[in-house]
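Single-letter residue listing:
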Amino acid sequence: MATRHGLVRDLLYLPDSSPFANLLDSCLRLRSARETRRVHARILNSQFSKEIFIQNRLIDVYGKYDCLDDACKVFDRMPQSNTFTWNCIITVLTKLGFLDEAVRLFGSMPDPDQCSWNSMVLGFAQHDRFEESLEYFVKMHKENFFLNEYSFGSALSAYAGLMGFDIGIQVHAMVSKSWYLTDVFMGSALIDMYSKCGSMACSQDVFSGMIEQNLVTWNSLITCYEQNGPISEALEVFVRMMNSGLELYEVMLASVVNACASLCVLKEGLQIHARVIKNNKFSDDIVLGNALVDMYSKCGSVSEARRVFDRMPVRNVVSESSMESGYARAASIKAARFMF
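All values reported here derive from a predicted model rather than from experimental measurement. (Residues numbered from 1 in each chain as written. Predicted model: local features only at pLDDT ≥ 70, side-chain atom pairs only at ≥ 80, totals over all residues. Heavy atoms only, no water.)

With that out of the way, let us pick up the side chain of S319. By secondary structure assignment, the location of S319 is in helix α20 (residues 317–329). Separated by 2.4 Å, the side chains of S319 and N290 make a polar contact. With residues up to four places along the chain from it excluded, the contact list for S319 reads I286, N290, V293, F309 and M312. (Helix = DSSP H or I, 4+ residues; strand = E, 2+ residues; numbered from the N terminus. Polar contact = N/O pair within 3.5 Å; in protein donor to acceptor, adjacent residues only side chain to side chain. Contact = heavy atoms within 4.5 Å.)

Next comes the structure, spelled out in structure tokens:
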């Protein structure tokens, strides 16, 4: 068996840096910034201390840990860099919200590529600086860079944030002329954009025109009807989704339970609750538990709301206020006052 000192000695005389890259991949799987720094120290003592490939990998891994200082130190000390180096550090900065610094570096890039532009469009959209996101999208298009699903998706997210229906339609037209029209990710982004702009008909048209739908797509349409109405459509879409055989998940169930609460339809709420009970993985979800308490309370079934409340392993202010509201609606004012 190789000793620790022997392993260190072997790492100092490697033919290439791929073993270090593999170690960094292992650190990433372990989510260990400490181990990454230890591997980094070994790299600094090796013949690869100035190699662009392994330095880029370090920036990327530090960025995935949100270790901005470490990533910037690697970037600042690199004697040479390439486009991937700049993209790595800009991605870290935009992810963590240091957008002004990202703008400065982007302006200093010798040769920005499609990935560089996408990082700027996405970064501003993720941090609700929608107008700036769209400025980069428009500039990217004018500079004749290829617009891919990430470019369109980020732009649609920005238009949704601004509720820019008219310009959003123009982006939809551009998507229609590309080969991303049938992309599931793109379809979900379009549904979300139209939903936030209040256009239910356009959301439904996009959904109906999709060759394939996944859980995200279905949930986008259900949320769309829940937020814009008619809420009864949210339940109909949910039933269609269940008939399609797709697996349910917590956020979607909570959305549909909220729809039942808004419509005060106890029968449908009971059916959804039965599905929740059959699937033990939902039993500890506080958002879904709160939605069920609220639904039963609004439907006048206070005793059932209390049963759900008592079985919740974790509760919060929302749980308690929903239960109190249920008692108040049932005119059980005394119970509401002495509940807690």
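Moving on, we come to the packing of aromatic side chains. Tallied over the full model, the rule gives 10 aromatic pairs. A centroid spacing of 5.5 Å and a plane angle of 15 degrees characterise the contact between F124 and Y136, whose relative ring orientation is stacked. Within this pair, whereas F124 is found in helix α8 (residues 114–126), its partner Y136 is found in helix α9 (residues 130–142), the two being separated by 12 residues in sequence. Judged by its relative accessible area of 1%, F124 is buried. (Phe/Tyr/Trp six-rings, centres within 6.5 Å; stacked < 30°, edge-to-face > 60°. Buried < 20%, exposed > 50% of the residue type's maximum accessible area, 1.4 Å probe, protein only.)

Summarising the element assignment, R34 is placed in helix α3 (residues 33–44). As for R34 and H172, which are separated by 138 residues in sequence, their C-alpha atoms are 45 Å apart.

This next bit is on the nonpolar core. With 99 residues, the main nonpolar core has I59, I89, F152, F238, L253, L288 and M295 as its most contacted residues. It is helix α16 (residues 250–263) that provides the largest number of residues to this core, a total of 8 residues. Among residues more than four places away in sequence, those in contact with F152 are F137, L147, V171, M174, V175, S178, Y180 and M186. (Core = buried A, V, L, I, M, F, W, Y, C linked by side-chain atoms within 4.5 Å.)

Attention now moves to the environment of R275. Examined against the element boundaries, R275 turns out to sit in helix α17 (residues 266–278). By relative accessible area, R275 is classed as partly exposed at 41%. Residues R275 and L253, 22 residues apart in the sequence, show an inter-C-alpha distance of 9.4 Å. Other than its neighbours up to four places away in sequence, R275 contacts M242 and L248.

Attention shifts here to the confidence of the model for the chain. For the chain, mean pLDDT is 85; residues scoring 70 or higher make up 92% of the total. Of all secondary-structure elements in the chain, the lowest mean pLDDT belongs to helix α1 (residues 4–11), at 48, while helix α7 (residues 99–108) reaches the highest, 96. Considering only residues more than four positions removed or in separate chains, one finds that residues 1–8, a stretch of pLDDT under 50, has 3 contacts. (pLDDT = per-residue confidence, 0-100.)

Attention now goes to unusual backbone geometry. Phi is positive for D66, close to 65 degrees, though the residue is something other than glycine. Relative to the helices and strands, D66 resides in the loop between α4 (52–64) and α5 (68–77). Of the residues examined, D66 reaches a relative accessible area of 41% and is grouped as partly exposed. Of note in this structure, D128 is not a glycine but carries a positive phi near 60 degrees. As for its placement among the helices and strands, D128 is situated in the loop between α8 and α9.

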